[in-house]
Amino acid sequence: MNATLQSWNAASADAALDAMIACCGARRWAAAMVARRPIRTIAELSAAADEEWARMEEADWMEAFACHPRIGGGKAAHASAQSSAWSRQEQSSTNEAAERVLAALAAGNELYEQRFGITYIVCATGKSVEEMLAILNRRLARDRAGELREAAEQQRQITQIRLGKWLIE
């Protein structure tokens, strides 16, 4: 068994909950993951994460989304220190982006928030700023219901990546 997973299985409920909230800020999802302990393998953890995420509703999605900073922006108001560190790492391509691209991204973020009422969520790992901007512009054409489902899928992908990071730290 993975050493981090083994320690998490033996941890207090509060400590186990904190670890899961760093991976996904939806408290109901995190509590459901803690309730599934013991989880013996990485594959079981990954499957459980997806199963529990599939049970979440719009309010849970919103809670998770609120833990993400704007792409190219600062810290999210509701993010844990670990989640914020991972966000900076995931969005590191913004560090060397041209000013004009960052300005377009900032304007797009603002428009997205006005249109959908949420922070633009994209699985940023491995994507350039230009790719994230193109995805943002494409997603602005969706209706709200379709966009919420897409944002929830992006959150699911981010959660899986963060679980992987958590397991090796």
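Before reading on, note that the structure itself is shown above.
The paragraphs below set out a description of the structure included in this document. (Residues numbered from 1 in each chain as written. Predicted model: local features only at pLDDT ≥ 70, side-chain atom pairs only at ≥ 80, totals over all residues. Heavy atoms only, no water.)

Remarks on helix α8 (residues 129–139)
Buried within α8 we find Val129, Met132, Leu133, Ile135, Leu136 and Arg139. Buried positions in α8, seen along its axis, are confined to an arc of 160° and lie on one side of it. As for α8, its buried residues are in contact with α7 (99–116) and α9 (144–168). (Buried < 20%, exposed > 50% of the residue type's maximum accessible area, 1.4 Å probe, protein only. Helix = DSSP H or I, 4+ residues; strand = E, 2+ residues; numbered from the N terminus. Arc of directions from axis to C-beta. Contact = heavy atoms within 4.5 Å.)

Looking at the side chain of Asn109
With respect to the secondary-structure elements, Asn109 resides in helix α7. Filtering out sequence-adjacent residues up to four positions away, Asn109 remains in contact with Arg70, Ile71, Tyr120 and Leu136.

Side note on the nonpolar core
Ranked by size, the top nonpolar core spans 47 residues in total, and within it Trp8, Met20, Trp29, Trp53 and Trp166 carry the most contacts. For this core, the elements supplying multiple residues, two or more each, are α1 (3–10), α2 (13–23), α3 (27–35), α4 (42–54), α5 (58–65), α7, α8 and α9. Top element by residues in this core is α9. It accounts for 7 residues. Ignoring any residue separated from it by four or fewer positions in sequence, one finds Met20 in contact with Trp8, Trp29, Ala30, Met33, Val34, Leu163 and Trp166. (Core = buried A, V, L, I, M, F, W, Y, C linked by side-chain atoms within 4.5 Å.)

Let's talk about the environment of Trp29
Take Trp29: it is sitting in helix α3. For the pair Trp29 and Arg55, spaced 26 residues apart in sequence, the C-alpha separation works out to 8.4 Å. When sequence neighbours within four positions are dropped, the list of residues in contact with Trp29 reads Met20, Cys24, Ala49, Glu52, Trp53, Met56 and Thr159.

A short note on the pattern of salt bridges
In this structure the tally under the stated criterion is 12 salt bridges. Here Asp50 and Arg156 are joined by a salt bridge, their closest N and O atoms 3.2 Å apart. Of this pair, Asp50 sits in helix α4 while Arg156 sits in helix α9, placing them 106 residues apart in sequence. Classification of Asp50 as partly exposed rests on a relative accessible area of 28%. Residue Arg156 is classed as partly exposed on the basis of its relative accessible area, which comes to 23%. Note that Glu113 and Arg70 form a salt bridge whose closest N and O atoms lie 2.8 Å from each other. Here the residue Glu113 occupies a position in helix α7, and Arg70 occupies one in the loop between α5 and α6 (81–90), the gap between them amounting to 43 residues. The exposure class of Arg70 is partly exposed, given its relative accessible area of 28%. (Salt bridge = Lys/Arg side-chain N within 4 Å of Asp/Glu carboxyl O.)

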